[in-house]
2 protein chains.
Amino acid sequence: MNKHMQLPAVSASSPIYDVLRRDLVGGRFKAGEKLAINALKEQYQVGLSPLREALNKLAAYGLLVQENQRGFRVPKLSREELDDIARLRTELEGMALERAIAHGDAVWEADLLAAAHRLKRADITLDKGEEWERLHTHFHRTLVAPCGSVWLLRFIEQLNYQFDRYRRLGPKMPTIRQELDEQHHELVELALQRDATAARALMDDHIHKSYEVALARYQQHA
Amino acid sequence: MNKHMQLPAVSASSPIYDVLRRDLVGGRFKAGEKLAINALKEQYQVGLSPLREALNKLAAYGLLVQENQRGFRVPKLSREELDDIARLRTELEGMALERAIAHGDAVWEADLLAAAHRLKRADITLDKGEEWERLHTHFHRTLVAPCGSVWLLRFIEQLNYQFDRYRRLGPKMPTIRQELDEQHHELVELALQRDATAARALMDDHIHKSYEVALARYQQHA
DNA sequence: GTAGGTTAAAAAATCGATTATTTTGTCTAA
DNA sequence: TTAGACAAAATAATCGATTTTTTAACCTAC
């Protein structure tokens, strides 16, 4: 495992919190939808208190909107917000990648290679979309992990969840995905070569391509 | 009021949440301290459910640490984290300020002047430290408000709360504070002149000076 | 005297029920 | 027909009590 710093515990390991976050990011709820708490209670087979606490956390985290005395709602999607998220991702992940390349050690290099390999394997045997998502998230996290800033990592994680709400609106697009997957490996190569400038440029392009996928899906979605 | 975008509702207006956040940022709890929920319940005269929901939100927001089945704890302070926060503040607020200067309109200019003036007034009649803090936060928020990025504003807000946990460790330092206050007015001037480069440089310096204050207090605190 | 294990006390988390608020439907009057 | 007021239903929020887990104290055996 990584020896990197202890995160200030964003996700207390409450199972219902994790499950709900996964379902929100994965698009199991419609954007703008109002959550019927009692229905959720049954659907997920949890008590009211743990459920409400999870919803509160998710709201603080930006994956739900809490309205005064009227419960919780799935945030709306908008072109403007997608642009915002993609732009900030570019800035923050670029920054983090540069720092990671400056500080990452041999363990990081090994982790990176492993994460990229597992991702490719999961892509070839392309069952289990959820498993691919997990590995994809893990790869991008590994890439920036040794950037040295706990807070930067937190923000990047948050932005990625938000971004995925758009990206995962539609079904897979095999051609563009293959292109993106190749970039994953190129990113590893550049990172191992410690070429921060080229890596950052590629990361910019990678996020931009993902953005175009997300945007297309968002526009089809309407 | 501002006509700027609807934030994705970070703070649901639960009164206990706001009060607790203020007290956490203001240093009414010791860093590392374990929160006794029943004591809080009495102290703040609230029920268990609203209290726990507030604590959960604060944990998701990074102002508390939630440990598996052992309640909530005030996060520890560390030199490394302070450095991290200050550095990220510099990057993010600099970015936001540049964008705000590019997009801010006449209403913004007026808001800025008003916020700076109120802050100075509160400083002269220097009673009510809490009121000064409110106005200070409001000034810095106004400065970057029209940056056009909801998420950037969220992250900056979060970082400022964290930063203030360090800055507010000790009593006022009149000399350095005066210097910082002058910078507030200079920031307004540069913003009105739309000199993004100079404004950003000044902001860098402003945050750096604040950082030195915070660091001194943190070191005295041990 | 210390390590390991058992029990008692304390605290956190959860549950079921109650209360308060909002939403929906219906009726009346203009 | 429509706007407004009222009542009923639905839903959210809160409360008090119970259950579970952790922490502390104590005891025993080595």
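Residues numbered from 1 in each chain as written. Chains lettered and ligands numbered in written order. Predicted model: local features only at pLDDT ≥ 70, side-chain atom pairs only at ≥ 80, totals over all residues. Heavy atoms only, no water.

Undergrad: What is the right way to read the overall build of chain A from this model?
TA: Helix and strand counts for chain A stand at 9 helices and 2 strands. Going residue by residue from the N terminus, the α and β elements of chain A occur as α-α-α-β-β-α-α-α-α-α-α. A compact globule built from 222 residues would reach a C-alpha radius of gyration of about 17 Å, and chain A, at 18 Å, matches this within 12%. C-alpha extents for chain A along the principal axes are approximately 55 × 40 × 35 Å. Across the 222 residues that make up chain A, the buried fraction comes to 51%. Of all intrachain contacts in chain A linking residues separated by at least 6 positions in sequence, the fraction that spans at least 24 positions is 76%. Surface exposure of chain A reaches about 10,600 Å², of which carbon and sulfur atoms provide 52%. (Helix = DSSP H or I, 4+ residues; strand = E, 2+ residues; numbered from the N terminus. Rg over C-alpha atoms; globule rule 2.2 N^0.38 Å. Buried < 20%, exposed > 50% of the residue type's maximum accessible area, 1.4 Å probe, protein only. Contact = heavy atoms within 4.5 Å. Areas by Shrake-Rupley, 256 points an atom, 1.4 Å probe, with all protein chains shown as cover.)

Undergrad: How should I be thinking about the interface of chain A and chain B in this particular structure?
TA: Facing the 34 residues of chain A at the interface are 34 residues of chain B. For the pair chain A and chain B, the two sides together bury roughly 3,100 Å², of which 56% comes from carbon and sulfur. Among the residues of chain A in contact with chain B, A:Glu53, A:Trp151 and A:Phe155 are the three that bury the most area, contributing 22% of the side total. A salt bridge links B:Glu91 to A:Arg99, with the shortest nitrogen-to-oxygen separation between them at 3.7 Å. Taken together, chain A and chain B are joined by 16 residue pairs in polar contact (both at pLDDT 80 or more). Secondary-structure elements contributing two or more residues to the side of chain A that touches chain B are helix H3 (48-61), strand E1 (65-66), helix H4 (79-103) and helix H7 (150-167) of chain A. For the side of chain A that touches chain B, the element with the most residues is H4(A), which contributes 9 residues. (Buried area = accessible area lost by both parts, 1.4 Å probe. Salt bridge = Lys/Arg side-chain N within 4 Å of Asp/Glu carboxyl O. Polar contact = N/O pair within 3.5 Å; in protein donor to acceptor, adjacent residues only side chain to side chain.)

Undergrad: Just checking my understanding: could you explain the protein's contact with DNA strand C for this structure?
TA: A:Gly47, A:Ser49, A:Gln69, A:Arg70 and B:Arg52 are the nearest of the 16 residues found near DNA strand C. Among all atoms of DNA strand C positioned within 4 Å of the protein, those belonging to sugar or phosphate total 73%. Within the backbone of A:Gly47, an N or O atom sits 3.1 Å from a phosphate oxygen of DNA strand C. One of the backbone N or O atoms of B:Asn68 is found 3.3 Å from a phosphate oxygen in DNA strand C. Per-element accounting of the surface near DNA strand C gives the leading share, 3 residues, to H3(A). Of the residues in the surface near DNA strand C, the class split is 5 nonpolar, 6 polar and 5 charged. (Near = heavy atom within 4 Å. Nonpolar A, V, L, I, M, F, W, Y, C, P; charged D, E, K, R; others polar.)

Undergrad: So what exactly am I meant to see when it comes to the relation of the copies chain A and chain B here?
TA: Taken together, a rotation about one axis and a shift along it account for how the two chain copies relate. Mapping chain A onto chain B calls for a screw motion: a turn of 180° about the axis and a shift of 0.0 Å along it, with 0.0 Å RMSD after fitting. Put plainly, the chains are arranged around a two-fold axis. When the interface residues of chain A are mapped onto chain B, 97% of them again fall at the interface, so both copies present the same face. (Least-squares fit on C-alpha atoms with pLDDT ≥ 70 in both.)

Undergrad: Help me understand the protein's contact with DNA strand D in this model?
TA: Near DNA strand D, the surroundings consist of 16 residues, among which A:Arg52, A:Asn68, B:Gly47, B:Ser49 and B:Arg70 are the closest. Here, DNA strand D places atoms within 4 Å of the protein, and 74% of those atoms are sugar or phosphate. The contact in question runs from a sugar or linking oxygen of DNA strand D to an N or O atom on the backbone of A:Gly71, over 3.3 Å. Contacts to DNA strand D include B:Gly47, whose backbone N or O atom sits 3.2 Å from a phosphate oxygen. Within the residue set of the surface near DNA strand D, elements represented by two or more residues are H3 of chain A together with helix H3 (48-61) of chain B. Counting residues per element, the surface near DNA strand D draws most heavily on H3(B), which supplies 3 residues. A breakdown of the residues in the surface near DNA strand D according to their chemical character gives 5 nonpolar, 6 polar and 5 charged.

Undergrad: Would you take a moment to explain the confidence of the model for chain A for this structure?
TA: Keep in mind that low pLDDT regions are not for reading the predicted coordinates in detail. Residues of chain A with pLDDT of at least 70 account for 92%, and the chain-wide mean is 91. Every residue in residues 1-10 of chain A is under pLDDT 50, and counting partners more than four places away or in other chains gives 19 contacts. (pLDDT = per-residue confidence, 0-100.)

Undergrad: Even after reading the chapter, I still don't get the side chain of A:Glu53, so can you show me in this structure?
TA: Summarising the element assignment, A:Glu53 is placed in helix H3. Of the residues examined, A:Glu53 reaches a relative accessible area of 12% and is grouped as buried. Each residue touching A:Glu53, except ones within four places of it in the same chain, is listed here: B:Arg52, B:Glu53 and B:Asn56.

Undergrad: Before we go on, may I ask you to explain the environment of A:Arg28 in this structure?
TA: All names here are of chain A. Summarising the element assignment, Arg-28 is placed in the loop between helix H1 (15-25) and helix H2 (37-44). C-alpha of Arg-28 to C-alpha of Leu-135: the two residues are 107 residues apart in sequence and 20 Å apart in space. Excluding anything up to four places from it in sequence, Arg-28 contacts Arg-22, Asp-23 and Glu-130.

Undergrad: Looking at this structure, how should I read the domain arrangement of chain A?
TA: Interfaces are often sized by the accessible area lost when the parts come together. All names here are of chain A. In terms of domains, chain A is made up of domain 1 (15-73) and domain 2 (79-221). A separation of 26 Å is found between the C-alpha centroids of domain 1 and domain 2. In this assembly, 10 residues from domain 1 lie in contact with 9 residues from domain 2. Summing both sides of the interface, domain 1 and domain 2 together bury roughly 860 Å²; the carbon and sulfur share of this comes to 48%. Contact with domain 2 buries area across many residues of domain 1, yet Val-25, Tyr-61 and Leu-63 alone supply 57% of it, more than any other trio. Our count for the domain 1 to domain 2 interface comes out at 0 salt bridges. Here domain 1 and domain 2 share 4 residue pairs in polar contact (both at pLDDT 80 or more) between them. Take the side of domain 1 that touches domain 2: its biggest share by element is 4 residues, from H1. Grouping the constituent residues of the side of domain 1 that touches domain 2 by class yields 5 nonpolar, 2 polar and 3 charged. (Domains from an automatic or database assignment.)

Undergrad: Please clarify how the side chain of A:Glu133 should be interpreted in this entry.
TA: Assignment of secondary structure puts A:Glu133 in helix H6 (residues 129-144). The residues touching A:Glu133, leaving out its near neighbours within four places in the chain, are A:Arg167 and A:Arg168.

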